[in-house]
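# A look at the structure
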Amino acid sequence: MINRISRRTFLYFNTVTGIGVSLGGVQGIIAPQNVFEPDSKFRILKRGEKQIFADTSMISRTQEVISKVHQAKKLEKPVLEADMPWEQGEDFDGQKDRRVYIYGSVIRDEKSGLLYMWYNRLKSNYFATSSDGIHWDRPELDQFGETNQINLFHFHSPSIILDMFETDPEKRYKAVGCIKSSFSEKDFLLLKQRHKNFSWYNKRSAYCAAYSADGLNWNLYPDPIIMGGDTITLSQDLQTREYLAFHKNKSNPEDKGRKVFLSTSKDMQNWTEPQLVMEGDEIDRQHALLLEGGTHAEIYDMSAFYYGGQWLGLIALFQRAGSPKVKGPGQSGDDGPIHVQLVCSPDGKNWQRCSDRSPVIDLGPYPYDSGSILGVCNTPVIVGDEMWMYYTAMTTTHGGYLPEKQMSIARAAWRLDGMVSIRASKGEGMVETTAFIPEGDELFINADAAKGEIKVELLDEQGIEIPGYKKEDCIVVNTDSINQKVKWMNYNSLPSERPVKLRFYIKNADLYSYTIS
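From a predicted model like this one, the values you see are computed outputs, not experimental measurements.

### Concerning the layout of surface pockets
- The calculated volume of the largest pocket comes to roughly 870 Å³.
- Around the largest pocket sit 31 residues that line it, and K180, G229, D230, K248 and R258 are the ones nearest its centre.
- Mapped onto the lining of the largest pocket, the elements with two or more residues apiece are β9 (101-108) and β20 (243-249).
- For the lining of the largest pocket, the class distribution of residues is 10 nonpolar, 10 polar and 11 charged.

So, in structure tokens, the structure goes:
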């Protein structure tokens, strides 16, 4: 059973941490700083800016290595279930409908270490807090009686960010979600004027936006923002400060299958025409055909965030397998499992699939998520040496029958930077970066070389080894650590103010990231 805390206790935390006014940013997510100086053809790698290996644009060549996606570690039980009466639905066969979702967000306060979660059940939205990320408290907020429910305008799929650039304290928090109700014809005429490619849309659901000072008391922007309705996640470009909304949509009324579109905005009110960024392809279809009754694959939803010199995305891949064999109340007509894959982008707008498309959050091995993973929150939380993502776990496939279909909130965990690595498992492999100018003078790597070794060689912009920094000069790295300093026999630091390339020699090891400090 999840413990509850009193409203007084929550208000104490609120005062200490300054939630909504002085809440710190999401730890570990820093603004992109891989920039080119106007008079330089080389990018400047800023001090402290880590580089991971999902997007290959920073790699000039490789030899005998693979890009390895790593599956998340899980807990034996969900971290939050529909335990409270207000989180539960009707009785089915003597059991309650127990479904809660996190299309939403989890944000960590850097000062207190407390975590804040926004989650929902259907059109009802809730707020919870945690000190350890596992045990969650439901503060009594007095908005809907003595519950933790908040008034977020019946948003389905609410997604929230803390805007670190916002100067108006009343708008520090931003949210998007779908309102499934009857908007006026005037509202839709305005949307159709903005989004001319969606003039065919005739439903009365739309995506909307809201703002808040504290994440609890919300104000709705006056007009709907984007055509369509269902799942949506919100992100922010930390360099341009632009808002990005990844949402489910169609290209035309005859379009079949779920796809993800992107709209962007500078003010949360005026959004660009939705552009298709992610859809199932022939490779996905071939994998779906391996299932009993499998037909094709769709992208159910997508979360995206800037991390490690590039953008990462988590897509929920829905492998369609016909209609449910048993019909019941509150049941979807589309069946099949859903798992999560990793995608990447250099700019948040142009996306590519990663590696062999193996799941980064797979189904099982525990019953609570053995059927489907319906959605993932919109940003990771960094705690110590780990990165966490919270997700919606489902006991059945998408078209499961109530009450067997139970949905809860679970936690996926990786080592820091650990979603993807460069691996050499047979013999010695090599990966070489493109040329850059390091702002710092020390090189650190995140690697697991406990059963092997890694050496690093420095090259000039022409690809020629720099004396004193050759492979044979490097002191072998043969440990498992997220922050290992690379040294050479005669040098502990990098040459300054000149372009360099890094050439990593990897043997029976995983290289996750590197950082110039």
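### Focus: the environment of I232
- Within the fold, I232 resides in strand β19 (residues 232-236).
- Classification of I232 as buried rests on a relative accessible area of 1%.
- Sequence spacing of I232 and H247 is 15 residues, and the spatial spacing of their C-alpha atoms is 4.2 Å.
- The residues contacting I232, other than those within four sequence positions of it, are S157, S159, V176, G177, C178, Y207, A245, F246 and H247.

### Let's talk about a positive patch on the surface
- Residues K123, K180, K203 and K250 make up a contiguous surface patch of positive charge.
- Tracing the sequence through the fold places K250 in the loop between β20 and β21 (259-265).

### Considerations on the sheet that holds strand β22 (residues 275-278)
- Spatially, β19-β20-β21-β22 is the arrangement adopted by the four strands of the open sheet, whose pairing is antiparallel. Lying at the two open borders of the sheet, with one neighbouring strand each, are β19 and β22. Along the sheet, successive strands turn relative to each other by an average axial angle of 35°, direction set aside.

### Thoughts on the environment of P365
- Mapping P365 onto the fold places it in the loop between β26 (352-353) and β27 (372-376).
- Along the backbone, P365 and I161 are 204 residues apart, and their C-alpha atoms lie at a distance of 31 Å.

### Description of the confidence of the model for the protein chain
- Per-residue pLDDT for the protein chain has a mean of 89; in total, 92% of the residues score no lower than 70.
- Per-residue pLDDT stays below 50 along residues 1-39; that stretch engages in 116 contacts with residues further than four places along the chain or on separate chains.

Cut-off values and rules
Residues numbered from 1 in each chain as written. Predicted model: local features only at pLDDT ≥ 70, side-chain atom pairs only at ≥ 80, totals over all residues. Heavy atoms only, no water. 1 Å grid on protein atoms, 1.4 Å probe; cavity = no way out; pocket = protein on both sides within 12 Å on 5 of 7 lines; lining within 4 Å. Points joined across faces, edges and corners; volume = space filled by probe spheres on them. Helix = DSSP H or I, 4+ residues; strand = E, 2+ residues; numbered from the N terminus. Nonpolar A, V, L, I, M, F, W, Y, C, P; charged D, E, K, R; others polar. Buried < 20%, exposed > 50% of the residue type's maximum accessible area, 1.4 Å probe, protein only. Contact = heavy atoms within 4.5 Å. Patch = residues over 30% accessible without salt bridge, like charges linked within 9 Å, V, L, I, M, F, W, Y side chains within 5 Å. Areas by Shrake-Rupley, 256 points an atom, 1.4 Å probe, with all protein chains shown as cover. Salt bridge = Lys/Arg side-chain N within 4 Å of Asp/Glu carboxyl O. Lys, Arg positive; Asp, Glu negative; His and termini not counted. Charge placed at Lys NZ, Arg CZ, Asp CG, Glu CD. Pairing = 2+ DSSP bridges. Axes fitted to C-alpha atoms, helices over the stretch in contact; angles between N-to-C directions. pLDDT = per-residue confidence, 0-100.

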